[in-house]
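Chain residues, written in single-letter form:
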Amino acid sequence: MTTAQLSSPTTGPAKHPLHPAHTPTGQLAFGVFFQGVNSSTIWRLPESGDQVAFESFETLARTAERGRFAAFFLGEGLRLREHRGVPFELDVAGRPDAQTLLAALAGVTEHIGLVATQNTTYNDPVDLARRLQTLDLLSGGRAGWNVVTTDNAWTGENFRRGGYLDHADRYVHAEAFVQVAEQYWRGAPIAHDGAHYSVRAQGELPRSAQGRPVLFQAGASPAGQDFAARTADVIFSPHGTLEAASEFRRAIVERTVAAGRDPGSVKILPGAEIILAATEAEAEEKVRWVRDLQIGPEQAIALLEQYWGRDLSAFDPDGPLPDVPPEVSESGVTRGAGFQFAKAEELTRSWREEAAAKGLSILEFARAKSGARRGEFTGSYDAVADRLAEFARMGAIDGLNITPWLVPSGIDDIVDHLVPRLQERGVYPAEYAGSTLRENLGLPPV
Amino acid sequence: MTAPAPRPAPAAETAPTATTAPAETGGAPDGAGPEAGPPVLAVDLVTAPSLLEGLAELARGLESAGAGALTLSDGGLHPIHLAAHLAPLTEQIALLPRTDALYVEPFHLATQLMSLDHLSDGRAGWLLQAETDPAVPAAVGREVLGLEASAREAADVLGAVRAVWDSWAPDAVVRDTERGVYVDASRLQYADVEAETFAVRGPAITPRSPQGLLPVLVADTDRAAAGERVAGELADARALDVDVSVGARPERIAAQIAAAGPVGLVRLVGLDLEADPLGTVAQLVGALRGRGLIAEAPSHGSTLRTRLGLPAAPFQPDPARRADRARLSREEAA
Ligand SMILES: Cc1cc2nc3c(=O)[nH]c(=O)nc-3n(C[C@H](O)[C@H](O)[C@H](O)COP(=O)(O)O)c2cc1C
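Small disclaimer: the values here were computed from a predicted structure and weren't measured.

Thresholds, definitions, all that
Per chain, residues are indexed from 1 in the order of the written sequence. Labels follow written order: the first chain is A, the first ligand is 1, and so on. Reporting of local features is limited, given that this is a predicted model, to residues whose pLDDT is at least 70; pairs of side-chain atoms are given and counted only at 80 or more, and all residues count toward the totals for whole chains, interfaces and linings. Side-chain numbers come from the whole structure's heavy atoms, not from hydrogens or water. UniProt positions are given in the numbering used here, feature names are shortened, and annotations may be inferred rather than shown by experiment. Strands here mean DSSP runs of E at least two residues long; helices mean DSSP runs of H or I at least four residues long; both are numbered from the N terminus. When two rings of Phe, Tyr or Trp (its six-membered ring) have centres within 6.5 Å they constitute a pair, described as stacked for plane angles under 30 degrees, edge-to-face for angles over 60, and tilted for the intermediate range. The cut-offs for exposure are 20% and 50% of the maximum accessible area for each residue type, with area from a 1.4 Å probe on protein chains only; residues under the lower value are buried, those over the upper are exposed, and the others partly exposed. Placement of a charge over a ring requires the Lys NZ or Arg CZ to be within 6 Å of the ring centre, with the centre-to-atom vector within 35 degrees of the ring normal. Following DSSP output, two strands are said to pair if at least two bridges run between them. By convention a crossover is right-handed if, when the strands point away from the viewer, the path from the first strand over the helix to the second runs clockwise. Here an axis means a line fitted to C-alpha atoms, over the contact stretch when the element is a helix, while the angle between two N-to-C directions is reported on a 0 to 180 degree scale. Any two residues whose heavy atoms approach within 4.5 Å are treated as being in contact. The term buried area denotes the loss of accessible surface (1.4 Å probe radius) that occurs when two parts are joined, taken as the sum for both partners. Criterion for a salt bridge: a side-chain nitrogen of Lys or Arg within 4 Å of a carboxyl oxygen of Asp or Glu. For the purposes of this section, nonpolar cores are sets of buried Ala, Val, Leu, Ile, Met, Phe, Trp, Tyr and Cys residues that join through side-chain atoms within 4.5 Å. Both cavities and pockets are sets of points on a 1 Å grid over the protein atoms alone; in a cavity a 1.4 Å probe fits but cannot get out, in a pocket the set is open with protein on both sides within 12 Å along at least five of seven lines, and lining residues sit with an atom within 4 Å of a point. Grid points are joined across faces, edges and corners, and a volume is the space filled by probe spheres set on the points. Ten residues, namely Ala, Val, Leu, Ile, Met, Phe, Trp, Tyr, Cys and Pro, are considered nonpolar, four, namely Asp, Glu, Lys and Arg, are considered charged, and the remaining ones, Gly among them, are considered polar. What the arc describes is the spread of directions from the helix axis to the C-beta atoms. A cutoff of 4 Å decides nearness: a residue is near a molecule or strand if any of its heavy atoms lies inside that distance of it. For the purposes of these results, a polar contact is taken to be a pair of N or O atoms within 3.5 Å, where, inside protein, one atom must be able to donate a hydrogen and its partner to accept one; residues adjacent in sequence count only when each atom of the pair is a side-chain atom. Only the protein chains shown count as cover for residues, and all accessible areas are computed by the Shrake-Rupley method using a 1.4 Å probe.

A.B. asks: Can you walk me through the UniProt feature "domain: Luciferase-like" (unreviewed entry) in chain B in this structure?
C.D. replies: In the numbering used here, UniProt assigns the feature "domain: Luciferase-like" (unreviewed entry) to residues 51–260 of chain B. In this annotation, residues 51–260 of chain B is assigned 38% helix and 18% strand; the end-to-end C-alpha distance for the span is 30 Å.

If you want it as structure tokens, here you go:
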């Protein structure tokens, strides 16, 4: 991708610049992702709100509605994260059940979609399908389900079936699970006999305004992509740079076509952190300030401890990376999916080399690592608007799922300064397209 | 959490003797808590899809008419979701889903109910039901339990749910900017439940809710399946079922309450929503309250525990279940 190809953001959608089977809509949809548990939500500032109080969720959802966001997202983790065998103390932790909370939000919002991340391994499909349909009916067709597949036995310790699923079976199981849910939503009789259990049931609730909840999928492995291409309406992807997002679009279009579906029927929304200011210089300054607040000396040491698997508290956060080998057996197994790590030796060595080459301290290195995962949506209002318009024109993404670094005021500047600029550029809706989440994401009816 | 305001004691001459003593049915205050007064009047709503139209208006109307609680019985839509939906749309009325303890994941159930308590600022309760319809276990791939097994399972689930509720101290979220500590693991504990058919490790993924332990009640209609141990010993109170589909004459209902013995909730079942439900409830409330047979309208901000005369539920730390025990043993070894 050359910079020449990336200029002229206002010329409208290009014809299949990424894949012949894909025609960009040139439009973006935003979601706001209230993660609840993570290292990016700053809790040290006086304006950081309560992470559990309903008013935090309500304020964020109402702001998002003012900015015509398509969706309000909640994350899920079914066991408190641990660090070296102890619940992790340094990040925000503790959140309400996603769907219970969304059922309450349905009554105080009007337009925004309500999306719950829910695991297929530790739920029962009919129970989950009924809850989601209840939410869909309560909200007038605004429910969504972000399908995730965490399978570790450590999480399973909280559930009847325990950690009964092999890693390789996650998506096989997830697909069967989603099929049962879809049968339930259609009101069809269900007679499922799977490897792990049997289900006999019959859907008994009426159809919602959007037919059924919108299916999101988050999970980027090839098996996850195949699963999404066959079953999902939206992929919540981790690929936020133009290059990675374009590659991912091509891969998903290939797979969607192979699955016999119209590639326009699977939208892609990468997770993103957006840090904005009036000028580029101010934005750069702000990014540094945000990173300092996100990653303090304690978090920096803890980040390394996850991979080293041992106590590193004796090391100076302002000094070089630890020159001791990792304790491989303890690394990273309890922080949940995404933190599992087998090649600790190799990784810690390469990190030491990287930090030494760049002259970074532990603290600087940890801040750089945490920022690098988050795509490229920091800068002045105009620069970010231009960049996003280019993403839309290319069709690399269909929108963003934004993780605010502050709750509940973390999207105020996006709504006040970025959204109007995107609307001026013709890539963001001025009004909600309809009353259902499906309509507001531009998805075909079911 | 704000301390619940003690409810004024009922006037002695109007309170029937049957309800002045603290409920004997478990969770009995050992003299420390507020006195149990007359029961709270609840209206039962069945969660059929047709209920959705005008639901918020109906709930607010029943609140204004003086009902102290709503119970949500399963009619298709999920009762916990409907209760949660009503939480921000109402102000004082208590919200009790009547929902199954058996064919569910205890960890999810505990989290959902404590989330309801957060959403309603301490107005949540659980009307524990032990499902007898074979369609429910079939949907999760299980066999229907016989009466004895069902009673045992209900007791185990109730114990597990309470252990999850009691896994965070109220002050576990410390937000200590000096030390960079958001949550203090020494103020968390594992549930560490090992029951016959399941295990739950914990701690909760949700911080302690305003009431800590939600009041758990058993309706008369569920008593047999829930079993004597749950209904009589482990639950906090009994819900007396009053069928109003056959008419809502205050004299008949007053006699039923007086004859019932200690109850926490008087639950009106079968209220005709097509007729004049608000008028019926307002009239009943007037007549029953006049005789001191049901509790006064709740004061704003009081928890359901307070309204039921239950003592506050302090965090009960168990040193063996401390969530930071791995750190402690490392420190000891060093
Ligand atoms: C953007 C994004 C958000 C995710 N959010 C959650 C979440 O809230 N809860 C969860 O359990 N897993 C979450 N996941 C994890 C995935 O569901 C999945 O378990 C993980 O990516 C590993 O799957 P894979 O091997 O297919 O990549 C998320 C993944 C991505 C990419």
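Now that the structure has been shown, we can carry on.
A.B. asks: Just checking my understanding: could you explain the packing of aromatic side chains for this structure?
C.D. replies: Aromatic ring pairs are defined here through the distance separating the ring centres and the angle between the ring planes. All names here are of chain A. For the coordinates displayed, the defined rule picks out 17 aromatic pairs over all chains. Measuring from centroid to centroid gives 5.0 Å for phenylalanine 33 and phenylalanine 236, while their planes differ by 90°, and the two rings are edge-to-face. Pair noted here: phenylalanine 33 is in strand S1 (residues 29–34) and phenylalanine 236 is in strand S10 (residues 234–237), with a separation of 203 residues, a long-range link. For phenylalanine 33, a relative accessible area of 11% puts it in the buried group. A connected cluster of aromatic rings, assembled from ring pairs, spans Phe33, Phe73, Phe216 and Phe236. A cation sits over an aromatic face here: arginine 44 above tryptophan 43, 5.3 Å from the ring centre.

A.B. asks: Looking at this model, I keep getting lost on the pairing of S1 of chain A. Mind explaining?
C.D. replies: Regular strands place side chains that alternate from one sheet face to the opposite one. All names here are of chain A. A large share of S1 lies buried, amounting to 6 of its 6 residues. Burial of S1 is two-sided: the residues Ala29, Gly31 and Phe33 facing one way and the residues Phe30, Val32 and Phe34 facing the other way are all buried. Strand direction decides the pairing type here: S1 and strand S14 (residues 399–402), joined by 4 bridges, are parallel. From the neighbouring strand, glycine 31 faces S14, where its bridge partner is asparagine 401. Between the parallel pair S1 and strand S2 (residues 71–74), the chain is carried across by helix H2 (residues 54–66), and the sense of this crossover is right-handed.

A.B. asks: For this particular structure, what's the right way to read the sheet that holds strand S5 (residues 113–119) of chain A?
C.D. replies: Strand pairing in a sheet takes place through backbone hydrogen bonds and is either antiparallel or parallel in direction. Residues and elements named next belong to chain A. Read around the closed barrel, the 8 strands follow the order S1-S2-S5-S6-S9-S10-S11-S14; overall the barrel is parallel. Between one strand axis and the next, the sheet turns through 25° on average, direction left out of account. Summarising the sheet, S2 and S5 pair through 4 bridges and their orientation is parallel. Paired with leucine 74 across the strands is alanine 116, a residue of S5. Seen against the sheet, helix H6 (residues 170–186) touches strand S6 (143–148) and strand S9 (214–217) and runs at an angle of roughly 160° to S6.

A.B. asks: Can you help me understand the sheet that holds strand S4 (residues 126–129) of chain B in this one?
C.D. replies: Residues and elements named next belong to chain B. One closed barrel holds the 7 strands; their spatial order is S1-S2-S3-S4-S9-S10-S11, and the pairing between them is parallel. Between one strand and the next, the sheet's axes are offset by a mean angle of 30°, whatever the strand orientation. Pairing of strand S1 (residues 40–46) with strand S2 (residues 69–73), which is carried by 5 bridges, proceeds in the parallel orientation. By the bridge assignment, valine 46 is partnered in S2 with serine 73. Across the sheet, helix H6 (residues 147–165) is in contact with S4 and strand S9 (216–219); its angle to S4 comes to roughly 150°.

A.B. asks: Sorry if this is basic, but what is going on with the interface of chain B and chain A here?
C.D. replies: How big an interface is tends to be expressed through the accessible area that disappears when the partners come together. Counting from both sides, the interface comprises 65 residues of chain B and, opposite them, 60 residues of chain A. Summed over both partners, the interface of chain B with chain A comes to about 5100 Å²; 58% of that surface belongs to carbon and sulfur atoms. Area buried by chain B at its contact with chain A is led by His81, Tyr182 and Ile205 of chain B, which between them contribute 14% of it. Inspection of the region where chain B meets chain A yields 4 salt bridges. Of the charged contacts, one joins arginine 130 of chain A and aspartate 74 of chain B as a salt bridge, the two residues approaching to 3.0 Å between their closest N and O atoms.

A.B. asks: Would you take a moment to explain the environment of phenylalanine 33 of chain A for this structure?
C.D. replies: Expressed as a C-alpha distance, the spacing of phenylalanine 33 of chain A and alanine 220 of chain A, which sit 187 residues apart in the sequence, is 18 Å. With sequence-adjacent residues up to four places away left out, phenylalanine 33 of chain A is seen in contact with Phe73, Leu74, Gly75, Thr117, Phe236, Asn401, Ile402, Thr403 and Pro404 of chain A.

A.B. asks: Help me out: how do you make sense of the nonpolar core in this one?
C.D. replies: Taken as a class, soluble globular proteins show a tendency for nonpolar side chains to be buried jointly. Core analysis: the largest hydrophobic core is formed by 175 residues, its most contacted members being Phe30, Phe69 and Phe72 of chain A. Element by element, the count of residues in this core is highest for H6 of chain B, at 9 residues. Sequence-distant contacts of phenylalanine 69 of chain A, that is, excluding residues within four places in its chain, are made with Phe30, Gly31, Val32, Ala64, Ile112, Ile402, Ile411, Ile414, Val415, Val419, Tyr428 and Tyr432 of chain A. One finds Ile295, Ala300, Leu321 and Val324 of chain A within the second-largest nonpolar core, a separate group that totals 16 residues.

A.B. asks: What is the right way to look at empty space enclosed by the protein in this model?
C.D. replies: Take a probe with the size of a water molecule and roll it over the atoms, and the empty space left behind shows itself. Following the criterion strictly, the structure yields 7 cavities of 30 Å³ or more and no others. Taken as a whole, the second largest cavity encloses approximately 80 Å³ of empty space. The wall of the second largest cavity is formed by 14 residues, among which Glu76, Pro96, Asp97 and Ala98 of chain A together with Ile205 of chain B lie closest to the centre. Of all the elements in the fold, those that place two or more residues in the lining of the second largest cavity are S5 of chain A together with helix H4 (106–119) of chain B. Tallying contributions element by element places H4 of chain B first for the lining of the second largest cavity, with 3 residues. Looking at the lining of the second largest cavity, its residues break down into 5 nonpolar, 6 polar and 3 charged.

A.B. asks: So what exactly am I meant to see when it comes to helix H8 (residues 250–260) of chain B here?
C.D. replies: All names here are of chain B. Taken together, the buried positions of H8 are occupied by Pro250, Ile253, Ala254, Ile257 and Ala260. Buried residues along H8 cover an arc of 130° about the axis, so they all sit on one side. Among the structural elements, strand S10 (237–243), strand S11 (265–269) and helix H9 (277–290) are those in contact with the buried residues of H8.

A.B. asks: Help me out: how do you make sense of the site of the ligand in this one?
C.D. replies: Residue and element names in this part refer to chain A. Every one of the 15 residues lining the ligand counts as a neighbour, but Glu76, Tyr171, Ala218, Ala220 and Ser221 are closest to it. Between the ligand and threonine 150 there is a distance of 3.1 Å, counted from an oxygen atom to a side-chain nitrogen or oxygen. Here an oxygen atom of the ligand and a side-chain polar atom of tyrosine 171 are 2.5 Å apart. Notes on the ligand: free accessible area 610 Å², of which the protein chains cover 77%. Among the secondary structure elements, those contributing two or more residues to the shell around the ligand are H6 and S10.

A.B. asks: Is there a simple way to explain the pattern of salt bridges in this structure?
C.D. replies: Two side chains carrying opposite charge are able to pair once their charged atoms lie near each other. Taken as a whole and assessed by the stated rule, the structure comprises 52 salt bridges over all chains. A salt bridge links glutamate 153 of chain B to arginine 160 of chain A; the nearest nitrogen and oxygen atoms lie 2.7 Å apart. Residue glutamate 153 of chain B is found in helix H6, and its partner arginine 160 of chain A is found in the loop between helix H5 (153–156) and H6; the two belong to separate chains. Neither residue differs from the other here; glutamate 153 of chain B and arginine 160 of chain A are each classed as buried. A salt bridge links arginine 321 of chain B to aspartate 318 of chain B; the shortest N-O distance between them is 3.0 Å.

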